Amino acid sequence: MTALAERREMIVGVDPQHQSRPALAWAADEAHRRQLALRLLLAVPPSHDTRHADSTAHHIELRRRGAEALTSAASWIRERHGKLEVITDLLDGVPAPALCRHSAQARMVVLGSRRLGRAEEFFSASSVVVPVSAQANCPVVVVGEPEHVTQQPPYLVVGVDGSQASRAAVAQAFEEASLRGAGLRALWVWPPPVVSFTDEAEAVQERRRLLSETTAGWSEKYPDVALTHEVVRGHPVEELARASEHALAVVVGRRGRGGHTGMRLGSVVHGLLHRALSPVITVPTP
């Protein structure tokens, strides 16, 4: 598998029925910023009924629509960034597994969000957001809302909890902030206990220490990134979603790799995919 820093392209998943211009714009801008090629990938799922001739005709029609969607998306991106290398890839197969396979050679995978409910996302046959975010071999960006570029000064948010997954998220967040000339808010959300047996002030101080420890060294590597530390009480999904309201993006780590359906995606990450008011960047643990 190619090391992440050596990968020379980004992938954006194209949905012919729900083409997401915010996702295309985010992917094109990011590929241009990093001087990477941009691959537009569209997978046409197999027909469920293979016993009748009209299933073949239906599949051919789906491929035709897919090719048109790719051509349209590529033209739109070239108008935005004329010198960007754009590759179109029309495949046969289920979209989520196809994107996961190709993620092994990509710097990032970018997806649009259809804002499905959580149950719809799990059980929809065309669902890609949850399984790809859970299984991809590179960071996955889900763009439901555009970057809030009018916020001054601009900043990103990174969720920290002291885990190895959040350390990977911190590394990605610093890189993203530096590329954009933005600040970084490192946020540790501390759920309130039903019954507290600890000294509140002491517990907050300990979490501040752990937060500083997790981000230690990155400010030296990225001196242009203004870093702030915050420890707040509340539900992690609600607080991170609230912090994302004016952010360029919210960055979170992913523990391990999901199962076949992506059902093992962490509850905080899963919640943010549906609640965040900015793009969500999910980072796998190395």
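Just so it is clear, the structure is predicted and the values come from calculations on it, not from any experiment.

(A) Region of interest: the pattern of salt bridges. Applying the stated criterion across every chain, the model contains 18 salt bridges. The partner of R34 in a salt bridge is E176, with the nearest N and O atoms 2.4 Å apart. One end of the pair, R34, is in helix α1 (residues 21-34); the other, E176, is in helix α6 (residues 164-180), with 142 residues separating them in the sequence. Side by side, R34 and E176 carry an identical accessibility label, which is buried. Among the salt bridges present, the one from D92 reaches R63, with a minimum N-O distance of 2.9 Å. With D92 in strand β3 (residues 86-92) and R63 in helix α2 (residues 53-80), the pair connects residues that are 29 residues apart, well separated along the chain. A relative accessible area of 47% means that D92 is categorised as partly exposed. Salt bridges linked by common partners bring E30, R33, R34, E175, E176 and R180 together as one network.

(B) Representation of the sheet that holds strand β5 (residues 140-143). Across the sheet, which stays open at both edges, the ten strands sit in the order β3-β2-β1-β4-β5-β10-β9-β6-β7-β8 with mixed pairing between neighbours. Only two strands of the sheet have a single partner each, and these edge strands are β3 and β8 (227-233). Along the sheet, successive strands turn relative to each other by an average axial angle of 25 degrees, direction set aside. One ladder, built from five bridges, connects strand β1 (residues 9-13) with strand β2 (residues 37-44); its direction is parallel. Following the sheet pairing, I11 is matched in β2 by R39. Strands β1, β2, β4 (109-112), β5 and β10 (280-284) of the sheet are contacted by α1, whose axis makes an angle of about 180 degrees with β1.

(C) A look at the packing of aromatic side chains. Within this structure, the stated rule accounts for three aromatic pairs. Ring plane angle 20 degrees and centroid distance 6.2 Å describe the contact between F174 and W218, whose orientation is recorded as stacked. Highlighted residues: F174 in helix α6 and W218 in helix α8 (residues 218-221), separated in sequence by 44 residues. The exposure class of F174 is buried, given its relative accessible area of 0%. Within the aromatic cluster, the residues linked to one another by ring pairs are F174, W218 and Y222. Over the ring of W190 we find R233; its NZ or CZ atom is 3.3 Å from the centre of that ring.

(D) Geometry of the nonpolar core. With 47 residues, the main nonpolar core has L38, L40, V110 and V158 as its most contacted residues. The contacts of L40, once residues within four sequence positions are left out, are V12, V14, L24, L70, A73, A74, I77, V86, I87, T88 and D89. I11, A96, V140 and V157 belong to the second-largest nonpolar core, a separate cluster that totals 33 residues.

(E) Up close: the packing of α1 against α6. The geometry of α1 relative to α6 is characterised by a closest axis approach of 11 Å and an angle of 80 degrees between their N-to-C directions. Classified by the angle their axes make, α1 and α6 are roughly perpendicular. Contacts between α1 and α6 involve W26, E30, R33 and R34 from the first element and Q172, E175, E176, L179 and R180 from the second. Class assignment for the residues of the contact of α1 with α6 results in two nonpolar, one polar and six charged.

(F) Region of interest: the confidence of the model for the protein. Across the protein, the average pLDDT comes to 87, with 87% of residues at or above 70. Overall, residues 118-125 carries pLDDT values under 50, and its contacts beyond four positions in sequence, including any with other chains, amount to 14 contacts. Considering only residues more than four positions removed or in separate chains, one finds that residues 258-263, a stretch of pLDDT under 50, has 13 contacts.

(G) Representation of the packing of helix α9 (residues 236-243) against helix α10 (residues 267-275) within the structure. Orientation of α9 relative to α10, taken along the N-to-C sense of each, is 40 degrees, at an axis distance of 9 Å. With respect to their mutual orientation, α9 and α10 come out oblique. Considering only the axes of α9 and α10, their crossing is right-handed. Seen from α9, the contacting residues are P236, V237, E238, L240 and A241; seen from α10, they are S267, V268, G271, L272 and R275. Here the residues of the contact of α9 with α10 are counted per class, giving six nonpolar, two polar and two charged.

(H) Representation of the layout of surface pockets in the model. Roughly 480 Å³ of internal volume is contained in the second largest pocket. Together, 27 residues line the second largest pocket, and L4, Q172, V283, P284 and P286 are the ones closest to its centre. For the lining of the second largest pocket, the secondary-structure elements that each account for two or more residues are α6, α8 and β10. Looking at the lining of the second largest pocket element by element, the count peaks at six residues for α6.

What counts and what doesn't
- Residues numbered from 1 in each chain as written.
- Predicted model: local features only at pLDDT ≥ 70, side-chain atom pairs only at ≥ 80, totals over all residues.
- Heavy atoms only, no water.
- Salt bridge = Lys/Arg side-chain N within 4 Å of Asp/Glu carboxyl O.
- Helix = DSSP H or I, 4+ residues; strand = E, 2+ residues; numbered from the N terminus.
- Buried < 20%, exposed > 50% of the residue type's maximum accessible area, 1.4 Å probe, protein only.
- Pairing = 2+ DSSP bridges.
- Axes fitted to C-alpha atoms, helices over the stretch in contact; angles between N-to-C directions.
- Contact = heavy atoms within 4.5 Å.
- Phe/Tyr/Trp six-rings, centres within 6.5 Å; stacked < 30°, edge-to-face > 60°.
- Lys NZ or Arg CZ within 6 Å of the ring centre and 35° of its normal.
- Core = buried A, V, L, I, M, F, W, Y, C linked by side-chain atoms within 4.5 Å.
- Parallel < 35°, antiparallel > 145°, perpendicular 65-115°, else oblique.
- Nonpolar A, V, L, I, M, F, W, Y, C, P; charged D, E, K, R; others polar.
- pLDDT = per-residue confidence, 0-100.
- Left-handed = near helix turned anticlockwise from the far one by under 90°.
- 1 Å grid on protein atoms, 1.4 Å probe; cavity = no way out; pocket = protein on both sides within 12 Å on 5 of 7 lines; lining within 4 Å.
- Points joined across faces, edges and corners; volume = space filled by probe spheres on them.

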